[in-house]
Amino acid sequence: MNLRSARAAFGFDTLKTILGIPVLAIRWDEAIALLTRLIDERRFTKVSFLNAHNANLACTDPVFAEALEDFLILPDGVGVDMAAKLLYGAPFPSNLNGTDFIPAFLQASSHPLTVALLGTTRANAEAACAKLSTLAMQHKFVVVHDGFFSAAEEPAILERIARLRPDILLVAMGVPRQELWIERHIDSRHCTLPVAVGALLDFMSGSVPRAPLWLRRLRLEWLFRLWIEPGRLWRRYIVGNPLFLWRVVKQKLSLGPRPAEARR
């Protein structure tokens, strides 16, 4: 089930298209209810998040953009909020970034779930598993493998996931590898919700620090990440953020908002 079919099935009629990518515009509690219902009804649904960086990649990588068409996409960060405000006159109702939303969703889910972790380093995955187990003790968390596996190892990993058949599979391999891997390899035989979570497991492990809460509330966590990892992230933020906004302005000038998708 992708975003459009989820919208039709569950009555959410609000989409905001950002650089050609339809993003579900719902509140935090509605998103928790939606994912809960998808799991309860065992509706296989790929989940990812759109931020400025992902949107930029999709503009230059048609394979990635095509893969995203089969995902339920949630809004992540101040960049897509600015885009929604410019294109549709209002930001997204909630910032559903995976780093905050996925742990909160797991805590809010009272029914015991099996959650598999795949990606990052083995040490970080194990530490994230332990942290999540303390946050949401009602669930079973299992590390399947780190994110550094060869093509030869892939069949055994997929077989293990299929045997476990978790309710949720958290895939932390970075963009766009995680989405492309899910698109190419994961289906309803493996899990119900495969979720592309980026750096979530690194954050949960404590190996990568989060910005102070006051900075997150100011929507400036990207600035903190740039400060601690300038060599890796300068192009993403210093070049990527203005490029993203320029592309959004071009969308505004060339097409404008689509009324059917801009309903709130």
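The rules behind each value
Residues numbered from 1 in each chain as written. Predicted model: local features only at pLDDT ≥ 70, side-chain atom pairs only at ≥ 80, totals over all residues. Heavy atoms only, no water. 1 Å grid on protein atoms, 1.4 Å probe; cavity = no way out; pocket = protein on both sides within 12 Å on 5 of 7 lines; lining within 4 Å. Points joined across faces, edges and corners; volume = space filled by probe spheres on them. Helix = DSSP H or I, 4+ residues; strand = E, 2+ residues; numbered from the N terminus. Nonpolar A, V, L, I, M, F, W, Y, C, P; charged D, E, K, R; others polar. Buried < 20%, exposed > 50% of the residue type's maximum accessible area, 1.4 Å probe, protein only. Pairing = 2+ DSSP bridges. Right-handed = clockwise from strand over helix to strand, strands pointing away. Contact = heavy atoms within 4.5 Å. pLDDT = per-residue confidence, 0-100. Phe/Tyr/Trp six-rings, centres within 6.5 Å; stacked < 30°, edge-to-face > 60°. Lys NZ or Arg CZ within 6 Å of the ring centre and 35° of its normal.

**Q** Tell me about empty space enclosed by the protein, residues and numbers included.
**A** One pass over the full model with this rule turns up one cavity of 30 Å³ or more. Together, Leu35, Ile102, Phe105, Leu106, Ile168, Leu170, Leu193 and Val195 line the largest cavity. Of all the secondary-structure elements, those providing two or more residues to the lining of the largest cavity are helix 6 (98-108), strand 7 (168-172) and strand 8 (193-196). It is helix 6 that provides the largest number of residues to the lining of the largest cavity, a total of three residues. Taken together, the residues that form the lining of the largest cavity break down as eight nonpolar, no polar and no charged.

**Q** Give a detailed account of the pairing of strand 8, specifying residues and quantitative values.
**A** Looking along a regular strand, one sees the side chains alternate between the two faces of the sheet. Both faces of strand 8 are covered, namely the face carrying Leu193 and Val195 and the face carrying Pro194 and Ala196. For strand 7 and strand 8, the ladder comprises four bridges, and the chain directions are parallel. Residue pairing for strand 8: Val171 is matched across the bridge by Ala196. Each parallel crossover has a hand, and for strand 7 linked through helix 9 (residues 177-185) to strand 8 it is right-handed.

**Q** So what's going on with the environment of Leu220? Which residues, and what values?
**A** On the secondary structure map, Leu220 appears in the loop between helix 11 (213-217) and helix 12 (221-228). Spatially, the C-alpha atom of Leu220 lies 28 Å from that of Leu34, the residues being 186 residues apart in sequence.

**Q** Which residues make up the environment of Phe244, and what are the values?
**A** Position of Phe244 relative to the elements: it lies in helix 13 (residues 230-254). It is 38 Å that separates the C-alpha atoms of Phe244 and Arg165, two residues lying 79 residues apart in sequence. The residues touching Phe244, leaving out its near neighbours within four places in the chain, are Ile18, Leu19, Ala52, Ala55, Asn56, Gly79, Val80 and Ala83.

**Q** Kindly report on the confidence of the model for the protein, identifying the contributing residues and their values.
**A** For the protein, per-residue confidence averages 92 on the pLDDT scale, and residues scoring 70 or more make up 91% of the total. Within the model, pLDDT remains below 50 along residues 259-264, and this stretch shows 16 contacts once partners closer than five positions in the same chain are excluded.

**Q** Account for unusual backbone geometry, with residues named and values stated.
**A** The amide bond that connects Val175 to the next residue, Pro176, takes the cis arrangement and shows omega of 0 degrees. Residue placement: Pro176 occurs in the loop between strand 7 and helix 9. Positive phi, normally seen in glycine, also occurs at Leu19, with a value near 50 degrees. Residue placement: Leu19 occurs in the loop between strand 1 (15-18) and strand 2 (21-24).

**Q** Give a description of the packing of aromatic side chains that names residues and reports values.
**A** Ring pairs (aromatic) are described by centroid distance and by the angle formed between their planes. On inspection of all chains with the given rule, the structure shows five aromatic pairs. Taking 5.9 Å as the distance between ring centres and 65 degrees as the angle between the ring planes, the aromatic pair formed by Phe149 and Trp181 counts as edge-to-face. With Phe149 in the loop between strand 6 (140-145) and helix 8 (154-164) and Trp181 in helix 9, this residue pair connects regions lying 32 residues apart in the sequence. Classification of Trp181 as buried rests on a relative accessible area of 5%. Three or more aromatic residues link up through ring pairs in this structure, and these residues are Trp28, Phe101 and Phe105. Sitting over the face of the ring of Phe149, Arg177 holds its NZ or CZ atom 5.1 Å from the ring centroid. For the cation-ring pair, Arg210 lies above Phe203, with the distance from its terminal atom to the ring centre recorded as 5.6 Å.

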